[in-house]
Amino acid sequence: MDENLKEKIFGEKKLKLCIISGGETTVNMSKCQSIGKGGRNQEITLAFEYCFSKLMLNNQYQELDCLFSSYGSDGIDGPTDAAGAYFLYEKNCSILNQNELSDHLNRHDSYNYFAKKTD
């Protein structure tokens, strides 16, 4: 695990919430005119980031730190070299452009979205 990420998760003493979920999501491709690249774990992480950023733009929970991650236990997420993705938000961080998030979601292009964030 990245040392900076580890420090952000375990470093501060404050109230924390952990939700653990299992199973597999389904990505509906039937209404998609342009198909991008990604897997179900990257897709749900991008969808979470989109919904979470809407809350933050509406000035809800400004003091909140949040980590969301979704990974395939077999190390494979769709036709990609990634096992999944994570989203880390720390209070007072800037929120990304909602149109960009929505565009990547509509094209099911989560892999390229997260690849661009890590560059």
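*Asks:* When you look at helix 2 (residues 40–57) in this model, what are you seeing that I'm missing?
*Replies:* Structural remark: α-helix, 3.6 residues per turn; residues separated by three or four positions point the same way. Over its 18 residues, helix 2 runs 26 Å from end to end, which matches the ideal 26 Å to within 8%, given 1.5 Å per residue. Residues Asn41, Gln42, Glu43, Thr45, Leu46, Glu49, Phe52, Ser53 and Met56 constitute the buried set of helix 2. Contact partners of the buried residues in helix 2: strand 1 (66–71), strand 2 (84–89), helix 3 (98–106) and helix 4 (110–118).

*Asks:* Got a minute to help me understand the nonpolar core in this structure?
*Replies:* In globular proteins that are soluble, nonpolar side chains generally tend to be buried together. Leu46, Ala85, Leu101, Leu105, Tyr113 and Phe114 together form the largest nonpolar core, which totals six residues. Counting five residues, the second-largest nonpolar core is a separate cluster that includes Met56, Cys66, Phe87 and Tyr89.

*Asks:* In this structure, what is going on with the packing of helix 2 against helix 3? I would like to understand it.
*Replies:* The relative placement of two packed helices comes down to the angle between their axes together with the axis-to-axis distance. Relative orientation of the contacting elements helix 2 and helix 3 amounts to 155 degrees, with a least axis distance of 10 Å. Between helix 2 and helix 3, the crossing angle belongs to the class labelled roughly antiparallel. In this structure, helix 2 crosses over helix 3, and the sense of that crossing is left-handed. Residues Glu43, Leu46, Ala47, Glu49, Tyr50, Ser53, Lys54 and Leu57 of helix 2 lie in contact with helix 3, whose contacting residues are Gln98, Leu101, Ser102, His104 and Leu105.

*Asks:* Help me understand the confidence of the model for the protein chain, please; the structure alone is not making it clear to me.
*Replies:* Any residue range with low pLDDT should be treated as having predicted coordinates unsuitable for detailed reading. Summary statistics for the protein chain give a mean pLDDT of 80 and a share of 76% for residues scoring 70 or more. Of all helices and strands in the protein chain, the one with the weakest mean pLDDT is helix 1 (residues 3–10) (66), whereas helix 3 scores best (89).

*Asks:* So what exactly am I meant to see when it comes to the pattern of salt bridges here?
*Replies:* Close approach of charged atoms allows side chains with opposite charge to pair. As enumerated under the stated definition, the model contains four salt bridges in all. Of the charged contacts in the structure, one is a salt bridge between Arg40 and Glu24, with a shortest N-O distance of 3.0 Å. Here Glu24 lies in the loop between helix 1 and helix 2 and Arg40 lies in helix 2, a separation of 16 residues in the sequence. We classify Arg40 as partly exposed; its relative accessible area is 36%. One salt bridge connects Asp109 with Arg107, and the closest N-O pair in it is separated by 3.1 Å. A single salt-bridge network, built from bridges that share partners, covers Asp103, Arg107 and Asp109.

*Asks:* What should I look at first to understand the packing of aromatic side chains in this one?
*Replies:* A full pass over the atoms with the stated rule returns six aromatic pairs. Ring plane angle 10 degrees and centroid distance 4.3 Å describe the contact between Phe48 and Phe68, whose orientation is recorded as stacked. One end of the pair, Phe48, is in helix 2; the other, Phe68, is in strand 1, and 20 residues separate them in sequence. The class for Phe48 is partly exposed, based on a relative accessible area of 26%. Ring geometry for Phe52 and Phe87: centres 5.6 Å apart, planes at 65 degrees, overall edge-to-face. Taken together, the residues span a long stretch of sequence, with Phe52 in helix 2 and Phe87 in strand 2 at a distance of 35 residues. Assessed through its relative accessible area of 5%, Phe87 is described here as buried.

*Asks:* How should the packing of helix 3 against helix 4 be read in this particular structure?
*Replies:* Between helix 3 and helix 4, whose axes approach to 8 Å, the crossing angle comes to 140 degrees. Viewed along their axes, helix 3 and helix 4 adopt a mutual orientation that is oblique. Of helix 4, the residues touching helix 3 (which contributes Glu100, Leu101 and His104) are Ser110, Asn112, Tyr113 and Lys116.

The rules behind these values
- Within every chain, residues take consecutive numbers counted from 1 along the sequence as written.
- Totals for whole chains, interfaces and linings use all residues, but because this is a predicted model, local features are given only for residues with pLDDT of at least 70 and pairs of side-chain atoms are given and counted only at 80 or more.
- Note that water and hydrogens are dropped before the side-chain values are worked out from all heavy atoms of the structure.
- Comment: elements are numbered from the N terminus, with helices defined as DSSP H or I runs of at least four residues and strands as E runs of at least two.
- Here a helix's expected span is defined as the number of its residues, less one, multiplied by 1.5 Å.
- Only protein chains enter the calculation, and the probe is 1.4 Å; a residue is then buried if its accessible area is under 20% of its type maximum, exposed if over 50%, and partly exposed in between.
- Here, residues are in contact when the closest pair of their heavy atoms is within 4.5 Å.
- Among buried residues, the Ala, Val, Leu, Ile, Met, Phe, Trp, Tyr and Cys ones that are joined through side-chain atoms within 4.5 Å form a nonpolar core.
- Interaxial angles span 0 to 180 degrees and are taken between N-to-C directions of axes, which are lines fitted to C-alpha atoms, for helices over the stretch in contact.
- Angles below 35 degrees are treated as roughly parallel, those above 145 as roughly antiparallel, those between 65 and 115 as roughly perpendicular, and all remaining angles as oblique.
- Here a crossing is called left-handed whenever its near helix is offset anticlockwise from the far helix by less than a right angle, and right-handed whenever the offset is clockwise.
- Looking at any residue, its pLDDT shows the predictor's confidence there, from 0 to 100.
- Counted as salt bridges are all cases of a side-chain nitrogen of Lys or Arg within 4 Å of a carboxyl oxygen of Asp or Glu.
- Think of it this way: a Phe, Tyr or Trp ring, Trp meaning its six-membered ring, pairs with another when their centres are within 6.5 Å, and the plane angle makes it stacked under 30 degrees, edge-to-face over 60, tilted otherwise.

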